[in-house]
Amino acid sequence: MLNRLNVLIVDDEPDIATLIEFNLRRMLKAEDLNIVVANNANEALGAIQHNGHPPYDIILSDYNMPPGMNGSEMTAAIRSEHGHLSTPVILLTAGFDFQGIKQQALQNGVTEVLPKPFQLKDFKAALERNLPEGAFTTSTPQPHETSSQPNEERPHTIPALA
């Protein structure tokens, strides 16, 4: 178990940010799990400037966030202006041009790009690739949905809200 894990969620949709935070709290284990939510890129940059030492262990950001910078541009600012060169950034996007967004984002320093909607198993796999091994609980979160057949499993997805 890790002593402390700092996570920054950046999303202009409060419901999506809450859903991401809820699932993170179920998946991650740390004596002190600190999750900060910012509503846009400017708030995120302010949080990084204020809380950046120690730096965040991971940043999860939406791509399309009005007003101002998108998640890719925010990552470029994090890398160049704030010196967080090694902090993983996972970008979540429901954009129509996924490949174009992904290419731009990777050039700006984003670590991974996930299309929305995405399944929790894909989200967890991205987290596992970018966080220390001791960050995770041993069990996989189960969806709260009930199935019409007793043993049928339904994939749990994070929705895409624009």
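Look above for the structure.
These lines cover the structure that appears in this document, whether it is placed above or below. The structure displayed is predicted, hence computed values, not measured ones.

## Comments concerning the pairing of strand E4 (residues 89-93)
Right, on to step 1. Most of E4 sits out of view: five of its five residues are buried.
Right, on to step 2. Of the two faces of E4, the one carrying Val89, Leu91 and Thr93 and the one carrying Ile90 and Leu92 are both buried.
Right, on to step 3. With four bridges joining them, E4 and strand E5 (residues 112-115) adopt parallel strand pairing. The residue bridging threonine 93 from the neighbouring strand is proline 115, located in E5.
Right, on to step 4. Taken together, E4, helix H4 (residues 98-107) and E5 form a β-α-β motif whose crossover is right-handed.

## A short note on the pattern of salt bridges
When charged atoms on two side chains of opposite charge get close, those side chains can pair.
Right, on to step 1. Taken as a whole, this structure holds seven salt bridges when the rule is applied.
Right, on to step 2. Residues arginine 4 and aspartate 32 are paired through a salt bridge, measuring 2.1 Å at the closest nitrogen-oxygen approach. With arginine 4 in strand E1 (residues 2-10) and aspartate 32 in strand E2 (residues 30-38), this pair connects stretches of sequence that are 28 residues apart.
Right, on to step 3. Using a relative accessible area of 41% as the deciding quantity, one classes arginine 4 as partly exposed.
Right, on to step 4. Judged by relative accessible area, aspartate 32 falls into the partly exposed class, the value being 34%.
Right, on to step 5. Of the charged contacts in the structure, one is a salt bridge between lysine 121 and aspartate 122, with a shortest N-O distance of 3.7 Å.

## Overview of unusual backbone geometry
Right, on to step 1. With an omega dihedral of -15°, the bond running from proline 66 to proline 67 counts as a cis peptide bond.
Right, on to step 2. Here proline 67 is to be found in the loop between strand E3 (58-62) and helix H3 (71-81).
Right, on to step 3. Residue proline 117 is bonded to the preceding lysine 116 through a cis peptide linkage, with omega at 0°.

## Here's the deal with the side chain of serine 61
Right, on to step 1. Positionally, serine 61 belongs in strand E3.
Right, on to step 2. In contact with serine 61, not counting residues within four places along its chain, are Val10, Gly71, Met74, Ile90, Leu91 and Leu92.

## Let's talk about H4
Right, on to step 1. Three or more residues of H4 are buried, namely Phe98, Ile101 and Ala105. Along the long axis of H4, the arc covered by the buried residues comes to 65°, so they all point the same way. In H4, the exposed positions angled more than 90 degrees off the buried face are occupied by Gln99, Gln103 and Gln107.
Right, on to step 2. For H4, the secondary structure elements touched by its buried residues are H3, E4 and E5.
Right, on to step 3. Within two residues after H4, glycine 109 carries a phi angle of roughly 105°, on the positive side.

## What to know about the nonpolar core
Right, on to step 1. Formed by 25 residues in total, the largest nonpolar core has its most connected members in Val7, Leu24, Leu28, Leu60, Phe123 and Leu127.
Right, on to step 2. The element that contributes the greatest number of residues to this core is helix H1 (residues 14-27), accounting for five residues.
Right, on to step 3. Residues Met74, Ala77, Ile101 and Val113 belong to the second largest nonpolar core, which totals 23 residues.

## Digging into H3
Note: α-helices contain 3.6 residues per turn, so residues at a spacing of three or four share the same orientation.
Right, on to step 1. Inspection of H3 places Gly71, Ser72, Met74, Thr75, Ala77, Ile78 and Arg79 among the buried residues, and these make up the whole buried set.
Right, on to step 2. Measuring from the side-chain oxygen of the N-cap residue of H3 to the backbone nitrogen of serine 72 gives 2.9 Å; that N-cap residue is asparagine 70.
Right, on to step 3. Within two residues after H3, glycine 83 carries a phi angle of roughly 70°, on the positive side.

## Notes on the packing of helix H2 (residues 41-51) against H3
Right, on to step 1. Taken N-terminus to C-terminus, the directions of H2 and H3 make an angle of 20°; their axes are 10 Å apart at the nearest point. Our classification of the angle between H2 and H3 gives roughly parallel. Relative to H3, H2 is oriented so that their crossing is right-handed. Between H2 and H3, the residues in contact are Ala41, Ala44, Leu45 and Ile48 and Met74, Ala77 and Ile78, respectively.
Right, on to step 2. The residue makeup of the contact of H2 with H3, split by class, is seven nonpolar, no polar and no charged.

Thresholds, definitions, all that
Residue indices follow the written sequence of each chain, beginning from 1 at its first position. Reporting of local features is limited, given that this is a predicted model, to residues whose pLDDT is at least 70; pairs of side-chain atoms are given and counted only at 80 or more, and all residues count toward the totals for whole chains, interfaces and linings. As a rule here, side-chain values come from all non-hydrogen atoms in the structure, and water together with hydrogens is ignored. Only protein chains enter the accessibility calculation, which uses a 1.4 Å probe; a residue is then buried when its area is under 20% of its type maximum, exposed when over 50%, and partly exposed in between. Segments assigned H or I by DSSP are reported as helices when at least four residues long, segments assigned E as strands when at least two residues long, and all are numbered from the N terminus. Two strands form a pair only when DSSP identifies at least two bridges running between them. Clockwise travel from the first strand over the helix to the second, with the strands pointing away from the viewer, marks a crossover as right-handed. Salt bridges, as used here, are contacts in which a Lys or Arg side-chain nitrogen is within 4 Å of a carboxyl oxygen on Asp or Glu. Only heavy atoms matter for contacts: two residues are in contact if any of them lie within 4.5 Å across the pair. This arc describes the spread of directions from the helix axis toward the C-beta atoms. For our purposes a nonpolar core is just a set of buried Ala, Val, Leu, Ile, Met, Phe, Trp, Tyr and Cys residues, chained together by side-chain atoms within 4.5 Å. Identification of polar contacts relies on pairs of N or O atoms within 3.5 Å, with a donor-acceptor requirement for protein atoms, meaning one able to donate a hydrogen and the other able to accept it, and with residues adjacent in sequence counted only if both atoms are side-chain atoms. To obtain an axis, a line is fitted to C-alpha atoms, over the contacting stretch when the element is a helix, and the angle between two such axes runs from 0 to 180 degrees between their N-to-C directions. For this classification, under 35 degrees means roughly parallel, over 145 means roughly antiparallel, 65 to 115 means roughly perpendicular, and everything else is oblique. Crossing handedness follows the turn of the near helix against the far one: under a right angle anticlockwise gives a left-handed crossing, and clockwise gives a right-handed one. Classification used: nonpolar for Ala, Val, Leu, Ile, Met, Phe, Trp, Tyr, Cys and Pro, charged for Asp, Glu, Lys and Arg, polar for all others including Gly.

These figures capture arrangement, not role.
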